[in-house]
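Structural overview
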Amino acid sequence: MKERSPATKRLILLSIVITSFINPFLGAAINIALPAISAEFSLGAVGMSWVSMAFLLSSAVFLVPLGKLADIRGRKRIFFLGNLIITISSFLCALSPSGALLITFRVIQGIGSAMVFGTGIAIITSVYPPGERGKAIGITVTSVYIGLSLAPFLGGILTQYLGWRSIFYATIPFEVLVLWIIWRYIREEWADARGEKFDWPGSIVYLFSMSAFMFGFSKLPETSAIILATAGLFGLVGFVVLEIKVKYPVFNIRLLASNRLFAFSNLAALINYATTFAITFLLSLYLQYILGLSPRDAGMILITQPVLMAIVASISGRLSDRYDPRILASAGMGIITGGLIMLSFLSANSSLSYLVVILAIVGFGFGMFSSPNTNAIMGSVDKKYLGIASATVGTMRLTGQMMSMGVATLILQLFIGNSPISLQNSAEFLSSMRTTFVVFVVLCIVGLFASLARGRSSK
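The following refers to the structure shown. (Residues numbered from 1 in each chain as written. Predicted model: local features only at pLDDT ≥ 70, side-chain atom pairs only at ≥ 80, totals over all residues. Heavy atoms only, no water.)

1. A short note on the overall build of the chain
- Helices and strands together make up the secondary structure of the chain, namely 17 helices and zero strands.
- For the chain, whose C-alpha radius of gyration is 21 Å, the value lies close to the compact-globule estimate of 23 Å for 459 residues.
- Once the C-alpha set of the chain is aligned to its principal axes, its extents read approximately 60 × 45 × 45 Å.
- Burial analysis of the chain (459 residues in total) assigns 61% to the buried set.
- Considering only contacts within the chain whose residues lie at least 6 apart along the sequence, 85% involve residues at least 24 apart.
- Positive and negative charge centroids in the chain, built from 33 and 17 side chains respectively, lie 4 Å apart. (Helix = DSSP H or I, 4+ residues; strand = E, 2+ residues; numbered from the N terminus. Rg over C-alpha atoms; globule rule 2.2 N^0.38 Å. Buried < 20%, exposed > 50% of the residue type's maximum accessible area, 1.4 Å probe, protein only. Contact = heavy atoms within 4.5 Å. Lys, Arg positive; Asp, Glu negative; His and termini not counted. Charge placed at Lys NZ, Arg CZ, Asp CG, Glu CD.)

If you want it as structure tokens, here you go:
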């Protein structure tokens, strides 16, 4: 591995840390602003959820192809273009005159985020040797959780005093700073699969199949949604068959088939995000619609979980350089399961102190899980697969988040349809929220077994 100056490493890490902050901030801050957006554009419960899900859907379906493209064409190049797209799309989101256009611009923003998600961790893994990698990944993951931490608080303040559009305007200066750092100071390029042919047929099949599955899943239980989701699943099976036969596949299926650590660590990540992401979405609605809190005050409560994530993720990242990540990550998932069980007992009379304790428990568990699990994944593959491994980590995260929102939206629709949430249907909303958390508990128990089944790290 090429030796780099400490200053170069710090600049590279800084640019990735900033983008790792901005992307989750854009996602989580919008959750706190959804009631305000819904009121301005007259969106129902399902339409409101799509402001959040459009970003996740496009990010998830483009991550794998763009991660492979980064391995071939250069990770710095794709990272730069991704940040440029996020900057432009944030400006467009802020100017949106309708809900439909806002959702459209969120799709574009998601493509830019896929470029960033698919390259950031890979660049860190290329730059930092194994003995320092866990620490660097821990700092990066911590920045994600700082973004999540500040999102409810800042998002609530921005929405209450400057309007929801200010959330997008606020990120633009930081994105411009990242673009300047990359353009001015980072000369090195990382393209360990340079010379390989890009798998266009596989990428197209993957994009359409993944889009059909995830869009269909989010619209269940409609008949058309069942057909679409089923078609997407068959398409993904066809994608697997196609990739086995291709010399330079967009996604090396053999990584999952032959690398137990890689496969089960990714499965654990998928389930972990699928059981936790919708917590903020549901509790934002619970605090504002059921308990009557303002966006600012709701954000102050929701900040508890990501603050604990940020603190613990940095520590667990360092620990994963010395101890088996499987044990650390599995312990974290067990703690999350306990927190989800407690969330399933929330009612209209629950105290805020009880909710804060639960959010602290979930945040602690998530911080314990994420950094060690990511370190295990990135340390389990050869150098030329770092981009696709990083993209796979991102895909598991975003697919899990999308599934989490899909489950929450499906259950919301089953209980209250597409009607706006109000005091008149508060009982139905509470029932849907509790049911969602029970489903998440069951999934999290499955994820705990997947985390334990991965085997010991080879580090």
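Having put the structure on the table, let's press on.
2. Examining the packing of helix H1 (residues 6-41) against helix H6 (residues 166-185)
- Packing of H1 against H6 brings their axes to within 10 Å, and their N-to-C directions diverge by 165°. For the element pair H1 / H6, the angle class is roughly antiparallel. Where H1 crosses over H6, the two elements pack in a sense that is left-handed. Taken together, the residues of H6 that come into contact with H1 (itself represented by Leu11, Leu14, Ser15, Ile18, Thr19, Ile22, Phe25, Leu26, Ala29, Ile30 and Ala33) are Ile167, Phe168, Thr171, Phe174, Glu175, Leu177, Val178, Ile181 and Tyr185. (Axes fitted to C-alpha atoms, helices over the stretch in contact; angles between N-to-C directions. Parallel < 35°, antiparallel > 145°, perpendicular 65-115°, else oblique. Left-handed = near helix turned anticlockwise from the far one by under 90°.)

3. Side note on the environment of Leu302
- Mapped onto the secondary structure, Leu302 falls in helix H12 (residues 295-302).
- Each C-alpha atom of the pair Leu302 and Pro97 lies 29 Å from the other, and the pair is 205 residues apart in sequence.
- Apart from the residues within four sequence positions on either side, Leu302 is in contact with Ile32, Pro152, Thr280, Leu283, Ser284, Leu287 and Leu359.

4. Here's the deal with the side chain of Gln109
- Along the chain, the position of Gln109 falls in helix H4 (residues 99-127).
- Here Gln109 is in contact with Leu26, Phe55, Ile86, Ser89, Ser90, Cys93 and Phe168, once residues within four sequence places are set aside.

5. Points about the pattern of salt bridges
- This structure, assessed with the given rule, holds five salt bridges.
- Across the pair Glu40 and Arg165 runs a salt bridge, and its minimum N-O distance is 2.6 Å. Here Glu40 is found in helix H1, whereas its partner Arg165 is found in the loop between helix H5 (130-162) and H6, with 125 residues between them in sequence.
- When its relative accessible area of 22% is taken as the criterion, Arg165 is described as partly exposed. (Salt bridge = Lys/Arg side-chain N within 4 Å of Asp/Glu carboxyl O.)

6. Focus: the environment of Leu267
- Relative to the elements of secondary structure, Leu267 occurs in helix H10 (residues 260-276).
- When its relative accessible area of 34% is taken as the criterion, Leu267 is described as partly exposed.
- In sequence terms Leu267 and Ala170 are 97 residues apart; their C-alpha atoms lie 35 Å from each other.

7. Observations concerning the side chain of Thr87
- Within the secondary structure, Thr87 sits in helix H3 (residues 75-94).
- In contact with Thr87, not counting residues within four places along its chain, are Ile172, Glu175, Val176 and Leu179.

8. Side note on the nonpolar core
- Grouped together as the largest cluster of nonpolar side chains are 140 residues, with contacts concentrated most on Leu283 and Tyr286.
- For Tyr286, the contacting residues outside a window of four places in its chain are Leu291, Leu346, Ser347, Ser350, Leu355, Phe429, Leu430 and Met433. (Core = buried A, V, L, I, M, F, W, Y, C linked by side-chain atoms within 4.5 Å.)

9. Topic: the packing of H10 against helix H14 (residues 325-343)
- Interaxial distance between H10 and H14 falls to 11 Å at its minimum, and their mutual angle equals 20°. On the basis of the axis angle, H10 is roughly parallel to H14. Every pair of crossing elements has a handedness; the one defined by H10 and H14 is left-handed. Across the interface between the two elements, Ala268, Asn272, Thr275 and Thr276 of H10 pack against Met333, Ile336 and Leu340 of H14.
- The class makeup of the residues in the contact of H10 with H14 is four nonpolar, three polar and no charged. (Nonpolar A, V, L, I, M, F, W, Y, C, P; charged D, E, K, R; others polar.)

10. Re H4
- Under the 1.5 Å per step criterion, the end-to-end length of H4 is 41 Å for 29 residues, consistent within 8% with the ideal 42 Å.
- Approximately 25° is the largest bend angle found in H4, and it occurs at Thr119.
- In terms of burial, H4 is a largely internal element, 22 of the 29 residues being buried. (Expected span 1.5 Å × (residues − 1). Bend = angle between axes of the 7 residues up to and from the residue.)

11. Points about the packing of aromatic side chains
- Under the criterion given, the structure shown has nine aromatic pairs.
- Between Phe21 and Phe25 the ring centres are 5.9 Å apart and the planes differ by 10°, which places this aromatic pair in the stacked class. With Phe21 and Phe25 both in helix H1 and four residues apart, this pair spans about one turn of that helix.
- Residue classification places Phe25 among the buried positions, given a relative accessible area of 4%. (Phe/Tyr/Trp six-rings, centres within 6.5 Å; stacked < 30°, edge-to-face > 60°.)

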